[in-house]
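# Structural overview
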Amino acid sequence: MEKRVLAAFFLLMTANLCVNAEDNIMPVSNQVYSQSGYSEQGSQYYNNGVSFLKSAQYTNAITEFRKALRENPDDKSSRIQLVNSYISRAQYFNNKSADYNKAANDLRSAIFYMKYYNNQPVDAQYLADLNTMEDNLENILYAMNADQTPKGRYTMGRSLRAQGEFAAAATEFQKSQNDVNYRKSSLANLGEIYYILNLNEQAVSYLDQALVLDPKNANLHLKLAEAYERLGKVDLAAEQYNLSLSKNGDNQEILMSLENIWKQKIAENPDNAEAYANLGAVYQRQNNFTAALQQYEKAESLNPSNVNTRLNLGTLYQAQKEYDTAIAAYDTILDVNPNFKLAYLYKAQCYRALGNKDAAIQNYKLALNLDPTNQDIKDELFSVYESDMTPEEKLAYINAQLQKEPNNPALVYKYAFELHTANRIAEAIPYYNQAIKLNAKNEDAYINLAQAYKQQQKYDKAREILTNAKAMFPENTTIKKQLASIDTETASLLYNDASELFRQKKYMDAIAVYNKISPATAESLLGIGACYQAMNNNKQAAVYYVKSLALDAKNAETAYYAGLAYANAQDFSNAKTYAKKAIELDANNKNAKELLTYVIEQENTVKMDKAIELFEKQQYQQALSVLNNVIAQDSKDSNAYYYRAMVYDAQKKYQLAINDYKKALQYNPQMIIANYSIAVDYDYLAQYTNALMYHKKYLAAAQKAGETNDYTRYSAKRVQDLKAYEPKPSAKK
């Protein structure tokens, strides 16, 4: 493959990097910077970094330049030398140690500090070097077969962030944020990474963008508040802290941060009425009502006309369940400002708590008149109405509201939900679909719509909805669980249908149903195997049993079925493999043991036929090879010993032949012809005493069996011929 040399950008040095490239020598400048206008500590870190880089101590150089950059975030020299260090180490990982993962991570980090660290203007050469570096990374990723889809980029970003490789992770999230499915999570990760790197302006920018997509995310509001606080924008920080509190309950850490902000404001300006009021609100959230009241009274004394302080006093009494006092406080606000929405809303809540439903409804409506699109007020008003409504009245009420606002996504979804709850599923489905059309980000609408289809037993439709939702909301565990549940239930129904078709001997129909189970399971594949076996298509049956075993590797019965199917297909080699596998998995599997014995016998029979064929063709070496293999498989196979002896006879290796004939007789005493062959071989060896003995053995056995043939006649003649070799009787004492 042609190698591409990939030039990397350096301020004080140049280097080349390529996948599997040869080593390159990198000239390093001896220049050391100590720039005015920067901290002394930062300059020291910078000089340390240059020294380490000069001596090729890249990791130490990276550490020092990162410290220098944290001290002096706008120092271009530190940033470019940090890029230098990452590229130099990437070259080392690539060329010296062939660690392409680490090389890729260092290139990602270098790209971050060149491209994403800030938005300073750059010249044409800078852009050219950056493009080259990005090509460099793409080539390494290509060589590694890395997943470069948005999903792959996002997954890699999360992995790198978990490893503490924040700069490298940011480069991956910058890629994945361009995909709509991963944009929100990628932006959130980028905001948090920039915050970790103390790049707070950028952190604010990315967190703001993430909140546009997920405005109710309490954690994002909290992170944004912390970034604003670092930037000294305490008013904006307080706003975000409050938003986070509204979404996340009374988080004590957030309350402590707000308390510190308002105390700081009061220290800066002891006459800041708003700061006292806000500090009182913090104490109120901490249930320190006495301290809260003190702060509210101080705020009101400084600015008696501030309705927000009175509102806070009202909410304080409301929190203490002094509802009548709270209502009186809200009324003083409305006397001054009759269009103050929150006063009506909180009055409505107080009346509701007092059980005065009509007064609550009246005040909710007054609040809603001032803010007709406020869904929270609508929801509270509806909850008052529904408290004593029948299901049909509730549906009628929502439907009446829907006629006024047919394109209100929350209202459409609520109507669908109530229809669903009333088990009017067919009517609920089109409203769920409309709710999704109006608000594609409503995750619950997808989940409930899939549930509705599931209740109608339209499993394919339900699965389609959930599969699409999973792609849009990859982190939603409920969608994943429901999709898994759909798959399980669908499979269960299909199993039942397929089993019934099998019982009716409709095997091809059963196979078609089993194939609908997606993804295939060990059980479905086993069922298909059984169908093929029932149709005597043992070869196909074996294929599916093996596939099933791959998904359920410890199932001894499946291994046995595979072995049996292969045996029936006369594929004894594979049959033996799976019979042994079944015994490995279950040492007490009687069927597998019997199958293995049968398979070995059948396999050896085939081999014996081959050996005999080779013997008859006088291909003795090939015949011996096959016979040796049979004996290795079954050391008690008398036929194998007998035929191997015949091969040795043909080769005039009489002693070897005699040994094998004796083995044949040992394992099969009925093979009396072996005695004849032994006698003849001893004749050839001129061992006449032994020859005489085996001729006699043969004749005795043949006479007992009632055999008379050319062999018996020849042996009888040889007994007469060899009388002289009869053993002499031992002398009597």
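In this report, the structure presented in the accompanying data block is examined.

### Details of the overall build of the chain
Helix and strand counts for the chain stand at 37 helices and two strands. Computed over C-alpha atoms, the radius of gyration of the chain comes to 44 Å, more than 25% over the 27 Å expected from 2.2 N^0.38 for 733 residues, which places it beyond the range of a compact globule. Dimensions along the principal axes, computed over C-alpha positions, put the chain at roughly 145 × 85 × 60 Å. Going through the 733 residues of the chain one by one, you find that 46% of them count as buried. Of all intrachain contacts in the chain linking residues separated by at least 6 positions in sequence, the fraction that spans at least 24 positions is 49%. Total accessible area on the chain stands at roughly 37700 Å², and carbon and sulfur atoms take up 48% of it. Each charge class in the chain was averaged separately, 81 positive and 83 negative side chains, and the resulting centres sit 11 Å apart.

### Points about the packing of helix α16 (residues 323-336) against helix α17 (residues 341-354)
In the contact formed by α16 and α17, the axes pass within 9 Å of each other and the chain directions differ by 160°. The angle between α16 and α17 places the two elements in the roughly antiparallel class. Considering how the two elements wind past one another, α16 and α17 form a crossing that is left-handed. Facing α16, whose interface residues are Y323, D324, A326, I327, Y330, D331, I333 and L334, α17 presents A343, Y344, Y346, K347, C350, Y351, A353 and L354. Broken down by class, the residue content of the contact of α16 with α17 amounts to 13 nonpolar, no polar and three charged.

### So, the side chain of Q174
Mapped onto the elements, Q174 comes out in helix α7 (residues 166-176). With relative accessibility at 6%, the residue Q174 sits in the buried group. One polar contact links Q174 to Y206, side chain to side chain, over a distance of 2.8 Å. Beyond its immediate chain neighbours, meaning those up to four positions away, Q174 contacts Y116, L190, Y194 and Y206.

### A short note on the pattern of salt bridges
Per the stated rule, a full pass over the model turns up 28 salt bridges. For the salt bridge of D371 with K341, the shortest nitrogen-to-oxygen distance reads 3.1 Å. Of this pair, D371 sits in the loop between α18 (357-370) and α19 (375-386) while K341 is found in helix α17, placing the two residues 30 residues apart along the sequence. On the accessibility criterion, K341 (25% relative accessible area) is partly exposed. The shortest N-O distance in the salt bridge between E500 and R503 comes to 2.5 Å. With E500 and R503 both in helix α25 (residues 477-503) and three residues apart, the pair spans about one turn of that helix. Given the relative accessible area of 33%, E500 is considered partly exposed. Judged by its relative accessible area of 58%, R503 is exposed. Through salt bridges with shared partners, a single ionic network connects R108, E138, R153 and E172.

### Digging into the nonpolar core
Among the nonpolar cores identified, the biggest contains 84 residues, and F112, Y113, M133, Y194, Y241, L258 and W262 are the most heavily contacted of them. If you tally residues by element for this core, the top one is helix α4 (residues 100-116), at nine residues.

### Quick notes on a positive patch on the surface
Together, K151, R158, K470 and K480 line one region of the surface with positive charge. The topology assignment puts K151 in helix α6 (residues 150-162).

### A short note on the packing of α4 against α7
It is the contact of α4 with α7, at a shortest axis distance of 7 Å, that shows an interaxial angle of 75°. Classed by the angle they form, the pair α4 and α7 counts as roughly perpendicular. Contacts between α4 and α7 involve N105, R108, S109, I111, F112, Y113 and Y116 from the former and A167, A168, A170, T171, E172 and Q174 from the latter. Taken together, the residues of the contact of α4 with α7 break down into seven nonpolar, four polar and two charged.

### Quick word on the side chain of E172
Assignment of secondary structure puts E172 in helix α7. Beyond its immediate sequence surroundings of up to four residues, E172 is in contact with R108, R153, M156, G157 and L160.

### Describing the layout of surface pockets
Reported here for the largest pocket is a volume of approximately 1100 Å³. Looking at the largest pocket, it is lined by 39 residues, and the ones nearest its centre are K184, L213, D214, K441 and E443. At the level of secondary structure, the elements contributing two or more residues to the lining of the largest pocket comprise α6, α8 (183-196), α10 (218-230), α19, α21 (409-421) and α23 (443-455). Looking at which element gives the most residues to the lining of the largest pocket, the answer is α8, with six residues. Of the residues in the lining of the largest pocket, the class split is 14 nonpolar, 11 polar and 14 charged.

### A word on the environment of K357
Relative to the helices and strands, K357 resides in helix α18. Linking K357 and S387, residues 30 residues apart in sequence, is a C-alpha distance of 9.8 Å.

### Examining the packing of aromatic side chains
Taken as a whole, this structure holds 31 aromatic pairs when the rule is applied. Note on F382 and Y397: the rings are 5.6 Å apart at their centroids and 20° apart in plane angle, and the pair reads as stacked. Placement of F382 in helix α19 and of Y397 in helix α20 (residues 391-404) is noted, with a sequence separation of 15 residues between them. A residue is classified by how much of its surface remains accessible, and F382, at 5% relative accessible area, is buried. Owing to a relative accessible area of 17%, Y397 belongs among the buried residues under this scheme.

The rules behind the values
- Residues numbered from 1 in each chain as written.
- Predicted model: local features only at pLDDT ≥ 70, side-chain atom pairs only at ≥ 80, totals over all residues.
- Heavy atoms only, no water.
- Helix = DSSP H or I, 4+ residues; strand = E, 2+ residues; numbered from the N terminus.
- Rg over C-alpha atoms; globule rule 2.2 N^0.38 Å.
- Buried < 20%, exposed > 50% of the residue type's maximum accessible area, 1.4 Å probe, protein only.
- Contact = heavy atoms within 4.5 Å.
- Areas by Shrake-Rupley, 256 points an atom, 1.4 Å probe, with all protein chains shown as cover.
- Lys, Arg positive; Asp, Glu negative; His and termini not counted.
- Charge placed at Lys NZ, Arg CZ, Asp CG, Glu CD.
- Axes fitted to C-alpha atoms, helices over the stretch in contact; angles between N-to-C directions.
- Parallel < 35°, antiparallel > 145°, perpendicular 65-115°, else oblique.
- Left-handed = near helix turned anticlockwise from the far one by under 90°.
- Nonpolar A, V, L, I, M, F, W, Y, C, P; charged D, E, K, R; others polar.
- Polar contact = N/O pair within 3.5 Å; in protein donor to acceptor, adjacent residues only side chain to side chain.
- Salt bridge = Lys/Arg side-chain N within 4 Å of Asp/Glu carboxyl O.
- Core = buried A, V, L, I, M, F, W, Y, C linked by side-chain atoms within 4.5 Å.
- Patch = residues over 30% accessible without salt bridge, like charges linked within 9 Å, V, L, I, M, F, W, Y side chains within 5 Å.
- 1 Å grid on protein atoms, 1.4 Å probe; cavity = no way out; pocket = protein on both sides within 12 Å on 5 of 7 lines; lining within 4 Å.
- Points joined across faces, edges and corners; volume = space filled by probe spheres on them.
- Phe/Tyr/Trp six-rings, centres within 6.5 Å; stacked < 30°, edge-to-face > 60°.

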